[in-house]
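These are the residues of each chain, in order.
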Amino acid sequence: MTTGQWVDLLVVFVSLVLYAIAWPTLQVTHHVPAGVQPVIAGLAALPLLLIRANPALGWAISAAGALVIPIVYERTDDFDFPWQVVHVMVIMALLLAVSMRSPLPVVAVAWMATALLFLADAPGQDGRGWAVGLTVLVLFGLLIRWLVLSRRQLAEQEEVNEVERARRAILEEKARIARDLHDVVAHHMSLVVVQAQSAPYRIDGVSPEVKAEFESIGATAREALNEIRGMLGVLRSDGQEPEKAPAPGLDRVDELIDASRRAGMTVTVDRAPLPELSGTCGLALYRILQESLANVARHAPGAPVRVRLSATADGVELVVTNEAAAQEISASGSSGGHGIAGMRDRALSVGGTLTAHPTPGGGFAVHARLPVVATDPGAESVTGPVTGRF
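Residues numbered from 1 in each chain as written. Predicted model: local features only at pLDDT ≥ 70, side-chain atom pairs only at ≥ 80, totals over all residues. Heavy atoms only, no water.

## Things to note about the overall build of the protein
Phase 1 of the analysis: Along its length, the protein carries 10 helices and five strands.
Phase 2 of the analysis: Across the 390 residues of the protein, 39% fall into the buried class.
Phase 3 of the analysis: Of all intrachain contacts in the protein linking residues separated by at least 6 positions in sequence, the fraction that spans at least 24 positions is 74%.
Phase 4 of the analysis: Of the roughly 20,800 Å² that the protein leaves accessible, carbon and sulfur atoms contribute 62%. (Helix = DSSP H or I, 4+ residues; strand = E, 2+ residues; numbered from the N terminus. Buried < 20%, exposed > 50% of the residue type's maximum accessible area, 1.4 Å probe, protein only. Contact = heavy atoms within 4.5 Å. Areas by Shrake-Rupley, 256 points an atom, 1.4 Å probe, with all protein chains shown as cover.)

Encoded structure:
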């Protein structure tokens with residue numbers, strides 16, 4: 001059996017016990033004919049059965065009985081109170097239940113009617129004391145009611161907050177996955193496209209059939225890259241937090257540049273002694289350089305690239321510049337992506353800055369300044385015009 005069923009059984013048991021007390025003692029308190037005594041005792045005790053189902057109705061029945069009984073039936077000489085003790089106990093229990101569960105207008109009516117009933121029928125000056133006691137009882141019931149309500153609202157709000165935290169965690173995880181996929185997969189896919197497009201120019205004696213095959217490979221890889229970008233757009237969201245997991249850093253910059261050279265890019269490196277960066281700042285620098293080289297490969301194939309790494313007073317400066325494209329890029333081969341926005345997010349996430357802008361000669365430049373240790377973002381804003389190239 002459930003807890004509610006056990007409580008219902010307890011209410012029935014208590015009501016029957018009170019009824020068993022009220023019936024035999026009724027002749028001691030009031031002059032009631034024997035045939036009517038079970039009914040009058042029922043009016044005194046049995047309304048308690050409604051304390052859970054409908055306390056307002058139970059109180060109304062009990063209060064009506066309390067109003068009628070003193071008028072219809074006279075009290076015995078040895079009893080000067082208008083109602084039996086059982087009747088008083090039941091009406092007070094029902095009034096408490098009404099104050100805890102019924103609408104506030106019903107509570108006000110029940111309180112006022114019960115107080116007036118005791119003021120009118122209680123002997124001597126007892127009515128005032130009973131009215132005060134009933135008022136305290138109603139206030140106590142309201143206090144319990146508001147405490148329960150506040151606890152319930154707090155629990156509901158905590159549940160909503162928990163759902164929101166879970167949703168935010170999912171969005172942040174999606175954003176992290178999208179950022180890593182863009183940095184890693186898109187970079188290598190871009191190199192495949194560049195190698196396929198530049199192979200006929202780098203390799204002598206390529207037949208028309210082989211050239212067509214390279215063009216087909218480049219078109220397929222380009223289409224796959226665009227589809228990847230579309231899927232990453234679904235995963236992306238705002239409010240991304242910097243990554244804390246182990247990842248590539250400054251020590252793998254040379255590997256990244258060598259991979260770009262193997263793909264046919266002309267990369268010149270101007271590197272000065274650099275301070276040791278924290279893991280988060282090293283990752284940001286690596287990803288910014290990776291995205292910059294990938295953007296050059298996509299949008300300016302064949303253009304010489306210069307990478308300059310130098311130390312500043314409080315960190316590291318990275319400058320990646322490229323000249324104008326050595327060959328024309330078709331409109332279908334260029335699509336909007338998240339390259340510059342992702343690089344800016346990474347720079348901001350460690351407290352750095354990043355600018356990206358075209359150069360007068362038709363090239364492009366990315367300029368990033370990163371601290372040695374990651375700091376809270378927001379102190380400095382990222383500037384620089386954003387074009388549709390990247």
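## Re the pairing of strand E5 (residues 364-371)
In regular strands, side chains alternate between the two faces of the sheet.
Phase 1 of the analysis: Of all eight residues in E5, six are buried, a share of seventy percent or more.
Phase 2 of the analysis: With eight bridges joining them, strand E3 (residues 315-322) and E5 adopt antiparallel strand pairing. Across the sheet, Gly 315 pairs through a bridge with Pro 371, a residue of E5.
Phase 3 of the analysis: Sheet topology note: the strand E4 (residues 353-358)/E5 ladder contains six bridges and is antiparallel. Directly across from His 357, in E5, lies its bridge partner Ala 365.
Phase 4 of the analysis: Following E4, the chain reverses through five residues before pairing antiparallel with E5; Gly 362 in that reversal takes a positive phi of roughly 95 degrees. (Pairing = 2+ DSSP bridges.)

## Things to note about the pattern of salt bridges
Phase 1 of the analysis: Overall, the coordinates contain 11 salt bridges when judged by the stated rule.
Phase 2 of the analysis: With its nearest N and O atoms 3.4 Å apart, the salt bridge here joins Arg 252 to Glu 255.
Phase 3 of the analysis: By relative accessible area, Glu 255 is classed as partly exposed at 48%.
Phase 4 of the analysis: Across the salt bridge formed by Arg 306 and Asp 270, the nearest N and O atoms sit 3.3 Å from each other. Separated by 36 residues along the polypeptide, Arg 306 in strand E2 (residues 305-311) and Asp 270 in strand E1 (residues 267-271) bring together distant segments of the chain.
Phase 5 of the analysis: The class for Arg 306 is partly exposed, based on a relative accessible area of 43%.
Phase 6 of the analysis: Linked by salt bridges that have partners in common, Glu 164, Arg 167 and Arg 168 make up one network. (Salt bridge = Lys/Arg side-chain N within 4 Å of Asp/Glu carboxyl O.)

## Points about helix H3 (residues 55-72)
Phase 1 of the analysis: Its 18 residues give H3 an end-to-end C-alpha distance of 26 Å, which sits within 8% of 26 Å, the value for a rise of 1.5 Å per residue.
Phase 2 of the analysis: Listed as buried for H3 are Pro 55, Gly 58, Trp 59, Ser 62, Ala 63, Gly 65, Ala 66 and Ile 69. For H3, the buried positions fall inside an angular range of 155 degrees around the axis, keeping them on one side.
Phase 3 of the analysis: In this structure, the buried residues of H3 make contact with helix H2 (37-45), helix H4 (85-101) and helix H5 (104-121). (Expected span 1.5 Å × (residues − 1). Arc of directions from axis to C-beta.)

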